Each structure stands twice: as structure tokens, then as C-alpha cells.
Amino acid sequence: MKPVIALVGRPNVGKSTLFNRLTRSRDALVADMPGLTRDRHYGEGRMGERPFLVIDTGGFEPVAKEGIMHQMAKQTKQAVAEADVIVFIVDGRQGLTPHDKTITEFLRKAGRPVVLVVNKAEGMKYSAVASDFYELGLGDPLAVSSAHGDGVHDMLDEALNIAFANQPPIEEEADPAVRGTKLAIVGRPNVGKSTLVNALLGEERVIAFDMPGTTRDSIEIPFERDGRHYTLIDTAGIRRRGKVFEAIEKFSVVKTLQSISEANVVLLLLDAQQDISEQDAHIAGFVLETGRALVVGVNKWDGLQSDRRDEIKIDIERKLNFLSFAKFHFISALKSSGIGPLMKSVDAAYAAAMIDLSTPKLTRALIEAVEHQEPRRKGSIRPKLRYAHQGGQNPPIIVIHGNALEAVGDPYKRYLEKHFRDTFSLVGTPLRIELRTGK
Ligand code: GDP
Ligand code: GDP
């Protein structure tokens, strides 16, 4: 399980600047995905061999009593309670403020380990930066500059050491053949996740055992359907009671992120009877960023008038257009309708994510693409694409070798992606194209 780091602090201390720095490698990939919200709160990062998840708790406002701020504060509080380590950011230029003290108070109650970070410390003496903040009683502050990068590496190292020390021991995973497709069903509260799980499993099909222990309250449910094996992993917001599954009240951002990053295929459920929300888009954006395969189920399709259905489709098209690689299914978990085709798409997405493409095949497809349309010159430089090999699965990574590839623009990269997608019928999985210029 990837450890979770929550960034906490009052507005303007530099949380999103730090967030971007921690998740930077991914940022470039999603930055110009049309339609994808730029205002990200969940991200994946990596330090050497250590992957981690980051949550920017953005609108932290511990005192709000009601309304949207209150809702956000509730989510934030929960994320804080569930994170493995909190990075609490204060502003070295402004010094200590009363709001910082309020947040400290709250963090103390939450009882999670905290790393105190003084941001905007570039060009300042450590003693001057730190002295203000000792009185918070959170130990020696670390001085960083999120904007320039100073101290960020050491800070992250410390945060990850704490996070790993706090994680429960990892239990051995079952044989991959038995686990089959690792499937995460995610979505906002009340979209119908538990109803779908029940419809999918139908009690007799469950090879009923839970595998507790790998995470706090984790639950894994292996099941078989039409002769195929699946494991529902860490299904956020669903708990087993007796022989059936029921929703628990809480929506957990942390569990959602973790289950997405553990899955092979994510089944994102939307509620057709509610508007597509920011939260739906955030979850979808995170799926895209982690590169998991994705199938979207638009649930509660029963009992809707046909003009309403058309409106909903248009709304989805508009708000989630960055998910064009995924299949959308209009289903009713309650009436068990549309589930067969939905699972067919899960299988197809899995197959696409796990595809194994030989270098000759990929190179042939590359040459075809180039013959059909060459990359543009950039000034006097003409990029030369020579051959391609596969650099990874789930998501498939296609590594293209050649010369002067830094001159290849994003539109051409998208063209190549589409060409590979069409050639190999890759539906339901993100696809990454990496360009490598040879010596
Ligand atoms: P957030 O509201 O906590 O997410 O803060 P932002 O990341 O949006 O940053 C608020 C402002 O502080 C922006 O103008 C940033 O450019 C600036 N900022 C962030 N990090 C640094 C830093 O390390 N040094 C300086 N001097 N400014 C910074
Ligand atoms: P969860 O919080 O995502 O696990 O959602 P639940 O499975 O608990 O469902 C929330 C509510 O939506 C319940 O009252 C369900 O009966 C209802 N519901 C779930 N699926 C459907 C559906 O396909 N159609 C309709 N009309 N209601 C549904």
C-alpha cells in the first residue's frame, strides 16, 4: 500500500506549489489533457523506489460551521485522520499566525504524525525561519522552498520514513492467477457501489473470505463470474455484514485513492440522477494519473425519461471528455441491468492494460504512423522516429526511440497515441508514450 501524505496549512502558504513539486513527474502527462481539471487535489509521487500518494487539503478551514466549507473541512479532517503522515506547512515570510495555532490544535487531536514545514525559506537563515514556530510544540521545523525546491528532498525523506514506519506489515499476496483482475469500485457516497457489489456477487458466487490485515480495515473479496476470476480490492465505503454488503456512511478519500492505485481496473460509478460533480471529476482525474484501466458505470439509469437521458449523456460528454479512452455503460445496479456488458468492458480494459506488444509489431505501427504523417520540423530540426518497444503494462507504456525527439510536440504525441490505440484496439486503458532520444 502506498503511504498517504496529507498537505495541510492555511491558504497561501504554498500547499499547491509543494503538491505540484511532489507530483511533478506526472504533472507533465496530465497537464494538457483537454478538459481535465487543473485544480488537482490528489496525486501520485515517487521518491526513488518509494511511491506515495499526496492529498492537498486545499480549503482547510477548521472553524467553518456549515455550508460547503464545512463539508470540505469534514473531508479534510477525515483525510487527515487517515493519512500516514501530515505535512503541516507554515509561511516563513509571514511568521506564526493565530490560524496556524488553530490548525496545530486540530492536528494534535487527530493524533497523526506531523512534519512541520516552514515554506518560502529560500535565502533566509534557518535560525530566523525556525525560531517563530518552536512554540507550536511540533518539534524542529524543516525549512523548505516549494517554489525553488530547497529542502524538499530532505523533507520528503523524513515524511516517508515516518509514513513507512507507521504502516502495518504487508501480508503476502495471493497467487495472481487466483486473484484474477483486481477491481476497485469507486464513486461518491450513494451512487450505488454496495448495490452493484451485491448484484455482481450474488451470494452463491462469492468465494467467501475476507483477507484482513493488509491495511486498516482492508477487505478483499475474490469472486468468480462467467468463469473468470476477480478480486474486489479495498472497496471503499462498503462493509460486509452477514452475507450481504452494505454501504457505510463515510466516503474516504484515502481509501479511494489507495484502492485505485492497487487495482488493475477501476470501475467508476456515477449517479445518473445527480449532476456530475467536481468530486467525480477529481476521482476520474486521479485514475487517469495513476494509469489504471477504467470503466465508467452510469448507475440508476432506470426510471429516467428519454429526454433526461439525452441531457445526462451530454453533460457527461462535456464534463468528463478527458475520459474518452474509457467505455461508459448506462446501468441499473438495483435492477441488475446492464451488468453483463459492463463486466465485458472490465475484461476488455484489463486485456488492453496487460497487453504484451513485441518490438517488431510496435515498430511496424510506428513506421505506419510516420508514413501517414511526419512530425513537424521545429526550426531546422527534424525529429526522426526509429523504433518502439513496450516499457510497461497497466498502463501500457510505449517507448519510442529516435533522434531529436525533444522537438516532437504534444499534438503529434497525441496523434501517435491514437494510432497505437487504433492499431492494437486498446480500449479502456490509458496509454503512455515516452520519447527517448538515442546517443
Ligand atoms: P496554497 O494556497 O497553500 O496552495 O498556496 P500556493 O501554492 O497557491 O502559493 C501561494 C503563493 O505563495 C503563490 O504566490 C506562490 O507562488 C507563493 N509561494 C509558494 N511557495 C513559495 C516559496 O517557496 N517561496 C516563495 N517566495 N513563494 C512561494
Ligand atoms: P453506495 O453508498 O455507493 O454504496 O450506494 P448504495 O449501494 O448504498 O446505494 C445508495 C442508494 O441508491 C440506495 O438507496 C440504493 O437502493 C439506491 N440505488 C442503487 N442503485 C440503484 C439503481 O440502479 N437505481 C435506483 N433507482 N436506485 C439505486
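Residues numbered from 1 in each chain as written. Chains lettered and ligands numbered in written order. Predicted model: local features only at pLDDT ≥ 70, side-chain atom pairs only at ≥ 80, totals over all residues.

Engineer: I'd like to hear about the overall build of the protein, residue by residue, with values.
Structural biologist: For the protein, the count of helices and strands is 14 helices and 17 strands. Out of the 439 residues belonging to the protein, those deemed buried represent 41%. A fraction of 73% describes how many contacts in the protein between residues 6 or more apart in sequence connect residues 24 or more apart. (Helix = DSSP H or I, 4+ residues; strand = E, 2+ residues; numbered from the N terminus. Buried ≥ 20, exposed ≤ 12 C-beta atoms within 10 Å, placed from the backbone. Contact = placed C-beta atoms within 7 Å.)

Engineer: Give a detailed account of the nonpolar core, specifying residues and quantitative values.
Structural biologist: Grouped together as the largest cluster of nonpolar side chains are 108 residues, with contacts concentrated most on I5, F88, V265, V266 and L268. In terms of residues, this core owes the most to one element, helix α12 (residues 339-353), which gives 7 residues. For I5, the residues in contact, after removing those within four places along its chain, are F52, V54, A83, V85, V87, A159 and A163. (Core = buried A, V, L, I, M, F, W, Y, C linked by C-beta atoms within 7 Å.)

Engineer: So what's going on with the site of ligand 1? Residues and values would help.
Structural biologist: What surrounds ligand 1 is a group of 14 residues, the closest being G14, K15, S16, T17 and A147. Per-element accounting of the shell around ligand 1 gives the leading share, 3 residues, to helix α1 (residues 15-22). Classifying every residue of the shell around ligand 1 by side-chain character gives 3 nonpolar, 8 polar and 3 charged. (Near = placed C-beta within 6 Å. Nonpolar A, V, L, I, M, F, W, Y, C, P; charged D, E, K, R; others polar.)

Engineer: Tell me what's going on with unusual backbone geometry, and back it up with residues and numbers.
Structural biologist: Residue P395 follows N394 across a cis peptide bond; omega there is 10°. Mapped onto the elements, P395 comes out in the loop between β15 (384-392) and β16 (397-403). You will see that N190, though not glycine, has its phi angle at about 75°, which is positive. Along the polypeptide, N190 turns up in the loop between β7 (181-186) and α8 (193-205). Positive phi outside glycine occurs at K300, with the angle close to 65°. Within the secondary structure, K300 sits in the loop between β13 (293-299) and α11 (306-319).

Engineer: Which residues make up the sheet that holds strand β5 (residues 114-119), and what values do they have?
Structural biologist: The 6 strands are arranged β2-β3-β1-β4-β5-β6 in an open sheet whose pairing can be described as mixed. Sheet topology places β2 (42-47) and β6 (142-143) at the edges, where each strand pairs with a single neighbour. Strand direction decides the pairing type here: strand β4 (residues 85-91) and β5, joined by 6 bridges, are parallel. Paired with D91 across the two strands is N119, which belongs to β5. Lying over the sheet, helix α4 (residues 98-110) contacts β1 (4-8), β4 and β5, oriented at roughly 170° with respect to β4. (Pairing = 2+ DSSP bridges. Axes fitted to C-alpha atoms, helices over the stretch in contact; angles between N-to-C directions.)

Engineer: How would you sum up helix α10 (residues 278-290)? Please name residues and give values.
Structural biologist: One turn of the α-helix equals 3.6 residues, which is why residues spaced by three or four share an orientation. Here α10 is 13 residues long and its end C-alpha atoms lie 18 Å apart, about the 18 Å a rise of 1.5 Å per residue gives. Turning to α10, its buried residues number three or more, namely D280, I283, A284, G285, F286, V287, L288, E289 and T290. Backbone geometry just downstream of α10 places G291 in the positive-phi region, at approximately 85°. (Expected span 1.5 Å × (residues − 1).)

Engineer: Residue-level account of helix α9 (residues 253-262), with values.
Structural biologist: Burial of α9 is extensive: 10 of the 10 residues sit out of reach of the surface. Residues of α9 that are buried include every one of V253, V254, K255, T256, L257, Q258, S259, I260, S261 and E262, and no others.

Engineer: For the pairing of strand β3 (residues 50-56), give the residues involved together with the corresponding values.
Structural biologist: A regular strand carries its side chains on alternate faces of the sheet. Most of β3 sits out of view: 5 of its 7 residues are buried. Taken together, the 6 bridges between β2 and β3 define a ladder with antiparallel strand orientation. Paired with G45 across the bridge in β3 is F52. Here β2 folds back onto β3, and the loop between the two strands holds 2 residues, one of which, G48, carries a positive phi near 60°.

Engineer: Give me the lowdown on the environment of E368, citing residues and values where you can.
Structural biologist: On the secondary structure map, E368 appears in helix α13 (residues 359-372). Overall, E368 belongs to the exposed group, with 11 C-beta atoms counted inside 10 Å. Distance in space between the C-alpha atoms of E368 and H419 is 8.9 Å, their sequence separation being 51 residues.

Engineer: Just give me the short version of the environment of M155, but keep the residues and values in it.
Structural biologist: One can find M155 in helix α6 (residues 152-166). Taking the number of C-beta atoms within 10 Å as the measure of exposure, M155 has 23 and is therefore buried. Spatially, the C-alpha atom of M155 lies 7.7 Å from that of V144, the residues being 11 residues apart in sequence.

Engineer: Describe the sheet that holds strand β14 (residues 327-330), and please don't skip the residues or the numbers.
Structural biologist: Spatially, the 6 strands line up as an open sheet ordered β8-β9-β7-β12-β13-β14, and their pairing is mixed. Looking at which strands have only one partner, the edges of the open sheet turn out to be β8 (220-225) and β14. Averaged over all adjacent pairs, the angle separating strand axes in this sheet is 25°, with direction ignored. Here α10 sits on the sheet in contact with β7, β12 (265-271) and β13, set at roughly 165° to β12. In this fold α12 packs onto β7, β8, β9 (228-233), β12, β13 and β14, with an angle of close to 165° to the strand it touches most, β13.

Engineer: I'd love a proper account of the packing of α9 against α10, names of residues and values included.
Structural biologist: It is at 10 Å that the axes of α9 and α10 come closest, and there the two elements cross at 35°. Crossing of α9 against α10: the hand is right-handed. Here T256, L257, I260 and S261 of α9 lie close against α10, whose contacting residues are I283, F286, V287 and T290. A per-class count over the contact of α9 with α10 returns 5 nonpolar, 3 polar and no charged. (Left-handed = near helix turned anticlockwise from the far one by under 90°.)

Engineer: Run through the environment of A281, naming residues and quoting values.
Structural biologist: Locating A281 in the fold gives a position in helix α10. For A281, a count of 19 C-beta atoms within 10 Å translates into the label partly exposed. For the pair A281 and I55, spaced 226 residues apart in sequence, the C-alpha separation works out to 15 Å.

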